[in-house]
Amino acid sequence: MTNTSNSAPQYAGSATTVGAPLALQARGLVKRYGSVTAINGADFDLRQGEVLAVIGDNGAGKSSLIKALAGAVIPDEGEIRLGGEVVKFRSTGDARARGIETVYQDLAVIPALDIASNLFLGREIRRKGIMGSVFRRLDMPRMRAESTKHLQDLKIGIKSVTQSVETLSGGQRQGVAVSRAAAFGRGVIIMDEPTAALGVRESGQVIELIRSIRDRGIPVVLISHDMPHVFEVADRIHVHRLGRRAAVVDPKERSMSEVVALMTGAERPTELEAAGGA
């Protein structure tokens, strides 16, 4: 029987997030592709004001889980709750309309366009009156002003929002994608391997961006293989294995080697960590 309770499972967790209300929750998610079961009764809990890292070996099903939460995959069974309300996403547009934004590895930016145009990609602001409604002219001054504010809020060091994205470094491009998500992600921001293609300095900048978003009260789901980054920024770690949640642990109470052992199955989760999971 699917547990639809809106109370948080009693996991070990960061002192700053223990007891916080749930922002996003899933119970008993199942997704099959023919004879292959990608999500096998998966549960998920994201609390308000936290960074939750999702880790798992290749083929563990974590990507399918995240796609279901972001509206890119429709589960065959189970339910998703956003702020305690049951939701059924039929597309990523549905999830975005409810305040869930995803930053994918490819960033989904258009290099030839300027920063402001990329921040408002698909959400362009048109001029008032006949120029906007009939001639569909964009209100570029307003888009640039708002883009500048979003970048400043997240302390992203870009001189001008009129420069094209192709002139930016990898870390700056990641900053543009994150700023777009933070600007429109009212509820949850999901980040898929945000530091995978970055150097040490730029990876550090992205970690600071994640902290900035959390400090603004927006919970973040971080999918990453980079365990040092996970331990640096995550309040809790969701360990995914064999298509479902195996454990949720506090990185302050578990070592990196212990978490890797949980991820690979070399170590069994304790009763506390396994509650509601495998």
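What counts and what doesn't
Residues numbered from 1 in each chain as written. Predicted model: local features only at pLDDT ≥ 70, side-chain atom pairs only at ≥ 80, totals over all residues. Heavy atoms only, no water. Phe/Tyr/Trp six-rings, centres within 6.5 Å; stacked < 30°, edge-to-face > 60°. Helix = DSSP H or I, 4+ residues; strand = E, 2+ residues; numbered from the N terminus. Buried < 20%, exposed > 50% of the residue type's maximum accessible area, 1.4 Å probe, protein only. pLDDT = per-residue confidence, 0-100. Contact = heavy atoms within 4.5 Å. Pairing = 2+ DSSP bridges. Axes fitted to C-alpha atoms, helices over the stretch in contact; angles between N-to-C directions. Core = buried A, V, L, I, M, F, W, Y, C linked by side-chain atoms within 4.5 Å. Parallel < 35°, antiparallel > 145°, perpendicular 65-115°, else oblique. Left-handed = near helix turned anticlockwise from the far one by under 90°. Salt bridge = Lys/Arg side-chain N within 4 Å of Asp/Glu carboxyl O. UniProt positions renumbered as here; feature names shortened; annotations may be inferred.

**Focus: the packing of aromatic side chains**
Think of a pair of aromatic rings as described by two things: how far the centres are apart, and how the planes are tilted against each other in angle. One pass over the structure, following the stated rule, counts 1 aromatic pair. On the basis of an interplanar angle of 85° and a centroid distance of 5.8 Å, the ring pair of Phe120 and Phe184 is categorised as edge-to-face. Here Phe120, found in the loop between helix H3 (115-119) and helix H4 (130-133), pairs with Phe184, found in helix H6 (residues 170-184); they are 64 residues apart in sequence, far enough to count as distant. A relative accessible area of 3% means that Phe120 is categorised as buried.

**Considerations on the confidence of the model for the chain**
Averaged over all residues, the pLDDT of the chain is 87; the fraction at 70 or higher stands at 90%. Taken together, the stretch residues 1-15 has pLDDT below 50 and engages in 42 contacts with residues farther than four places along the chain or on a different chain.

**A short note on the sheet that holds strand E3 (residues 51-55)**
Pairing is mixed in the open sheet, where 6 strands are placed in the order E6-E7-E8-E3-E9-E10. The open sheet terminates on both sides in strands that have one partner only, identified here as strand E6 (100-103) and strand E10 (244-249). Here the strands of the sheet are splayed against their neighbours by 20° on average, with no regard to which way each runs. Of the strand pairs in this sheet, strand E7 (residues 188-192) and strand E8 (residues 220-223) are connected by 4 bridges, and their pairing is parallel.

**Here's the deal with the pairing of E6**
Where burial is concerned, the two faces of E6 agree: the one with Ile100 and Thr102 and the one with Glu101 and Val103 are both buried. Taken together, the 4 bridges between E6 and E7 define a ladder with parallel strand orientation. Paired with Ile100 across the two strands is Val188, which belongs to E7.

**Remarks on the nonpolar core**
With 35 residues, the main nonpolar core has Ile115, Leu154, Ile158, Ile189, Met191, Ile210 and Ile213 as its most contacted residues. At the level of secondary structure, the elements contributing two or more residues to this core comprise H3, helix H5 (140-153), H6, E7, helix H7 (200-215) and E8. Apart from the residues lying within four places of it in its own chain, the contact partners of Ile189 are Glu101, Ala181, Ala182, Ile213, Ile218, Pro219, Val220 and Val221. If you look at the next biggest cluster of nonpolar residues, it comprises 26 residues, including Ala23, Leu29, Leu69 and Ile100.

**Topic: the packing of H6 against H7**
At a minimum axis distance of 9 Å, the contact between H6 and H7 shows a crossing angle of 15°. Between H6 and H7, the crossing angle belongs to the class labelled roughly parallel. Regarding H6 and H7, the two cross each other, and that crossing is right-handed. Residues Gly170, Gly171, Gln174, Gly175, Val178 and Ala182 of H6 form the contact with H7, whose own contacting residues are Glu202, Val206, Leu209 and Ile213.

**Digging into the pattern of salt bridges**
Evaluated as defined, the whole model comprises 18 salt bridges. The partner of Arg214 in a salt bridge is Asp235, and the shortest N-O contact between them spans 3.2 Å. Of the two residues, Arg214 is situated in helix H7 and Asp235 in the loop between helix H8 (227-233) and strand E9 (236-241); the sequence distance between them amounts to 21 residues. We classify Arg214 as buried; its relative accessible area is 17%.

**Here we look at the UniProt feature "domain: ABC transporter" (unreviewed entry) in the chain**
Here, the residues flagged by UniProt with the feature "domain: ABC transporter" (unreviewed entry) are residues 24-267. Overall, residues 24-267 shows 34% helix and 25% strand. The separation of its end C-alpha atoms is 28 Å.

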